[in-house]
Amino acid sequence: MIIAIDGPAASGKGTIAKRVAAHYGLAYLDTGTLYRAVARDTLARSRDPADADEALNSAKALDPSTLGDPGLRKPGLAEAASLVAKHPEVREELLAYQRSFARAKSGAVLDGRDIGTVICPDADVKLFVTATPEERARRRYLELKQAGIEVSEAEVQCDIRRRDERDKHRAAAPLRRAPDAHLLDTTNFDIDAAFKAAIDLIDAALARAGHAG
Ligand code: CDP
């Protein structure tokens, strides 16, 4: 079974995806870490993430064993990740890894921007997780504050909006809801309520498709 979860920054998709994977006993891949790792490696070579050739070189040399690096969640990398993610050749290079992960024997949950549209268009269930930009900025701000990172909420909202615009309007695999994805708006939900809503949507979709159990 493959579950595809897409959505904009700080919508709650990562936390939901992780819990959904644990609930159904599926492997989990946060595909944002791939783009963040390509950005990290490009910057580490003092190269420009907006340069397609340089970003592609990093994608080709990417070592999947470094995807657990906690440094990948640093806020500065999000912007660079969205720059490398614009290059179609980088996306193409990262495709095989994601598809092969999705074929794990146990089944898999993948979260990102283009899982339901490009990476796993035949996923058994697709969710598109959203929340208002104000609520998403509030959540990300609190996350950063907890991690000891000093930024203003206004700054975070500005960064998120800029990144959303870039992700939605790029030519290659833009962020959009697949026509068959279930919409989950988490604006007024805490994480437990969002997780429950996700499970209800997934169980209903699986029952309709005749999946056992
Ligand atoms: O955690 P957050 O939602 O802020 O970001 P992320 O999921 O780690 O993704 C960082 C950036 O990678 C996004 O802004 C996208 O530009 C890019 N990305 C993508 O293009 N496609 C994916 N499947 C996942 C991430």
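Refer to the structure presented above.
Residues numbered from 1 in each chain as written. Predicted model: local features only at pLDDT ≥ 70, side-chain atom pairs only at ≥ 80, totals over all residues. Heavy atoms only, no water.

1. A look at the layout of surface pockets
At step 1: Reported here for the largest pocket is a volume of approximately 910 Å³.
At step 2: In terms of lining, the largest pocket is formed by 42 residues, of which the most central are Ala 10, Lys 13, Gly 14, Arg 73 and Arg 140.
At step 3: Among the elements that line the lining of the largest pocket, the one with the most residues is helix 7 (residues 133–146), at six residues.
At step 4: Class assignment for the residues of the lining of the largest pocket results in 14 nonpolar, 10 polar and 18 charged.
At step 5: In this structure, the second largest pocket occupies an estimated 320 Å³ of space.
At step 6: If you go around the second largest pocket, you meet 19 residues; those closest to its centre are Lys 74, Pro 75, Ala 78, Arg 140 and Leu 144. (1 Å grid on protein atoms, 1.4 Å probe; cavity = no way out; pocket = protein on both sides within 12 Å on 5 of 7 lines; lining within 4 Å. Points joined across faces, edges and corners; volume = space filled by probe spheres on them. Helix = DSSP H or I, 4+ residues; strand = E, 2+ residues; numbered from the N terminus. Nonpolar A, V, L, I, M, F, W, Y, C, P; charged D, E, K, R; others polar.)

2. Section: empty space enclosed by the protein
Over the atoms a probe the size of a water molecule is rolled, and this reveals where empty space is left.
At step 1: This model, assessed by the stated rule, comprises one cavity of 30 Å³ or more.
At step 2: The computed volume of the largest cavity comes to approximately 30 Å³.
At step 3: If you go around the largest cavity, the residues you meet are Asp 6, Gly 116, Thr 117, Lys 126, Leu 127, Arg 176, Arg 177, Ala 178 and Ala 181.
At step 4: Those elements giving two or more residues to the lining of the largest cavity turn out to be helix 6 (115–119) and strand 4 (125–130).
At step 5: Among the residues making up the lining of the largest cavity, the classes are represented as three nonpolar, two polar and four charged.

3. Description of the site of the ligand
At step 1: Among the 19 residues in the neighbourhood of the ligand, the closest are listed as Arg 36, Arg 73, Arg 140, Arg 163 and Asp 167.
At step 2: Taking Arg 91, its side chain carries an N or O atom lying 2.8 Å from an oxygen atom of the ligand.
At step 3: With respect to the ligand, the side chain of Asp 114 contributes an N or O atom lying 3.0 Å from a nitrogen atom.
At step 4: A total of 530 Å² of accessible area belongs to the ligand in isolation, and the protein chains cover 98% of it.
At step 5: Among the cavities detected, the one that contains the ligand is the largest pocket.
At step 6: Of all the secondary structure elements, the ones that give two or more residues to the shell around the ligand are helix 2 (32–44), helix 4 (75–84) and helix 8 (153–169).
At step 7: Broken down by element, the residue count for the shell around the ligand peaks at three residues, all from helix 2.
At step 8: Split into classes, the residues belonging to the shell around the ligand amount to five nonpolar, four polar and 10 charged. (Near = heavy atom within 4 Å. Polar contact = N/O pair within 3.5 Å; in protein donor to acceptor, adjacent residues only side chain to side chain. Areas by Shrake-Rupley, 256 points an atom, 1.4 Å probe, with all protein chains shown as cover. Sits in = over half its atoms within 2 Å of the grid points.)

4. Remarks on helix 4
Helical periodicity: at 3.6 residues per turn, an α-helix aligns residues three or four positions apart in one direction.
At step 1: Among the residues of helix 4, Leu 77, Ala 78, Ala 80, Ala 81, Ser 82 and Val 84 are the ones counted as buried.
At step 2: Buried residues in helix 4 make contact with helix 2, helix 3 (52–60), helix 5 (88–102) and helix 8. (Buried < 20%, exposed > 50% of the residue type's maximum accessible area, 1.4 Å probe, protein only. Contact = heavy atoms within 4.5 Å.)

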